[in-house]
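# Per-entry structural report
The primary structure of each chain is shown beneath.
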Amino acid sequence: MYIKITDISKSYGTKENRNQVLSRVSMELEEGKICVILGASGSGKSTLLHLIGALETADSGQIQIGGQEITKMPEEKLSDYRRDFLGFVFQFYNLVQDLTVQENIEVCRYLTEDSLDLEELLRVLGLSKHRDKFPAQLSGGQQQRCSLARALVKNPKLLLCDEPTGALDSKTAGELLILLEQINQQYKTTIFIVTHNEEIRKMAHKIIYLKDGMISKTETCEHPASAASLCL
Ligand SMILES: Nc1ncnc2c1ncn2[C@@H]1O[C@H](COP(=O)(O)OP(=O)(O)O)[C@@H](O)[C@H]1O
Ligand SMILES: [Mg+2]
């Protein structure tokens, strides 16, 4: 999905005690590309991702996704947008603890008529033999793969990942990034990866550097490095 963000601003708090988190952020991303958003803690990375995912609303500015202006959509249409187009992966997985691996994924599969094959997804993500376990019985890497499977089962056009490797050791992080790269190549999924690990920028077509809520630098790369070559 083609993405165009124009002059987005976002603040929290009251008039007297305002925290300006994003200031006039503009960027574009072509369909099927990987964009890495880099920045120190508190620079506004998660907020930007939440705005793209319509989990929060901007104070001003426009966000166009696949030709649709989401900043003007009523809540009902926003739910459709999130359901039909988006997958989310969070740093701390956000799995439902009372559901097994398979059930966590199935909850999302029923949201779409055009889901990916569950068996194949379990196999590709190395979860087949863990399908009946609960999240607490899994390692961090396995939980993050489950969270990725849950996001992907809908075959979303847009995948938003907030520090997806933040809680993983470097080997497991590398494996997860290789999976994201495979998904991008196989399904032409547009992917945002928020991180503070500079090495991950090497696998991106576009790199956005956020500093104090503003874009301080943008880079593009026609032929990014393979995820397998990263030194995490
Ligand atoms: N829901 C919220 N309410 C109030 N302040 C928030 C909220 N979410 C984020 N912030 C503030 O916005 C700033 C940027 O946060 P965030 O986007 O999470 O940064 P990052 O992901 O880069 O660490 C921080 O100062 C944070 O405290
Ligand atoms: Mg964050």
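Reading the values: rules and limits
Residues numbered from 1 in each chain as written. Chains lettered and ligands numbered in written order. Predicted model: local features only at pLDDT ≥ 70, side-chain atom pairs only at ≥ 80, totals over all residues. Heavy atoms only, no water. Helix = DSSP H or I, 4+ residues; strand = E, 2+ residues; numbered from the N terminus. Rg over C-alpha atoms; globule rule 2.2 N^0.38 Å. Contact = heavy atoms within 4.5 Å. Areas by Shrake-Rupley, 256 points an atom, 1.4 Å probe, with all protein chains shown as cover. Buried < 20%, exposed > 50% of the residue type's maximum accessible area, 1.4 Å probe, protein only. UniProt positions renumbered as here; feature names shortened; annotations may be inferred. Pairing = 2+ DSSP bridges. Salt bridge = Lys/Arg side-chain N within 4 Å of Asp/Glu carboxyl O. Near = heavy atom within 4 Å. Polar contact = N/O pair within 3.5 Å; in protein donor to acceptor, adjacent residues only side chain to side chain. Nonpolar A, V, L, I, M, F, W, Y, C, P; charged D, E, K, R; others polar. Core = buried A, V, L, I, M, F, W, Y, C linked by side-chain atoms within 4.5 Å.

## A closer look at the overall build of the protein
Across its full length, the protein carries 6 helices and 10 strands. For 232 residues, the compact-globule estimate of 2.2 N^0.38 gives 17 Å, and the C-alpha radius of gyration of the protein, at 17 Å, lies within 12% of that figure. Considered along the principal axes of its C-alpha atoms, the protein spans approximately 50 × 40 × 35 Å. Summarising the internal contacts of the protein: among those between residues at least 6 apart in sequence, 70% fall at separations of at least 24. Counting only carbon and sulfur atoms, one obtains 46% of the accessible surface of the protein, whose full area is about 11300 Å².

## Structural notes on unusual backbone geometry
The backbone of Arg24 shows a phi angle near 45°, a positive value even though the residue is not glycine. The residue Arg24 is located in strand E2 (residues 19–29) in this model. For Arg24, a relative accessible area of 59% puts it in the exposed group.

## As for the UniProt feature "domain: ABC transporter" (unreviewed entry) in the protein
The UniProt feature table records "domain: ABC transporter" (unreviewed entry) at residues 3–232. What you have in residues 3–232 is 29% helix and 27% strand, and the ends, taken at the C-alpha atoms, are 28 Å apart.

## Here we look at the pairing of strand E10 (residues 214–220)
Judged from the 6 bridges that link them, strand E9 (residues 206–211) and E10 form a sheet pairing that is antiparallel. Looking at the pairing, Tyr209 lines up with Lys217 of E10. Here E9 folds back onto E10 in antiparallel fashion, the turn holding 2 residues, of which Asp212 has a positive phi close to 50°.

## With respect to the pattern of salt bridges
A full pass over the atoms with the stated rule returns 10 salt bridges. Close ionic contact of Glu175 with Lys171 constitutes a salt bridge, the shortest N to O distance being 3.2 Å. Taken together, the residues span about one helical turn, with Glu175 and Lys171 both in helix H6 (residues 170–187) at a distance of 4 residues. A relative accessible area of 36% places Glu175 in the partly exposed class. In this structure, the salt-bridge partner of Lys202 is Glu199, at a minimum N-O distance of 2.9 Å. Under the relative-accessibility criterion, Lys202 is labelled partly exposed at 37%. Among the ionic contacts, a cluster of salt bridges with common partners joins Asp80, Arg83 and Asp84.

## Examining the site of ligand 1
Near ligand 1 you find Tyr12, Asn19, Val21, Ala40, Ser41, Gly42, Ser43, Gly44, Lys45, Ser46 and Thr47, and these make up its full shell. Contacts to ligand 1 include Asn19, whose side-chain N or O atom sits 3.4 Å from an oxygen atom. Here Gly42 contributes a backbone N or O atom positioned 2.7 Å from an oxygen atom of ligand 1. In isolation ligand 1 offers 560 Å² of accessible surface; the protein chains occlude 58% of this area. Those elements that place two or more of their residues in the shell around ligand 1 are E2 and helix H1 (45–52). When residues of the shell around ligand 1 are assigned to their parent elements, the largest contribution, 3 residues, is made by H1. Its residues assigned to classes, the shell around ligand 1 shows 3 nonpolar, 7 polar and 1 charged.

## Quick look at the nonpolar core
Core analysis: the biggest nonpolar cluster contains 40 residues, and Ile105, Leu148, Leu159, Leu177, Leu180, Ile193 and Met203 have the highest contact counts within it. Here this core gets 6 residues from one element, more than from any other, and that element is H6. Sequence-distant contacts of Ile193, that is, excluding residues within four places in its chain, are made with Ile34, Cys35, Val36, Ile37, Cys161, Pro164, Leu177, Leu180, Ile200 and Met203. Formed by 29 residues, the second largest nonpolar core is a distinct cluster that contains Val21, Ile37, Phe192 and Leu210.

## Brief notes about the environment of Ile52
Looking at the element boundaries, Ile52 is found in helix H1. Measuring from C-alpha to C-alpha, the distance between Ile52 and Arg82 comes to 10.0 Å, with 30 residues separating the pair along the chain. The residues touching Ile52, leaving out its near neighbours within four places in the chain, are Ile5, Ile63, Ile65, Ile70, Tyr81, Leu158, Leu160 and Phe192.

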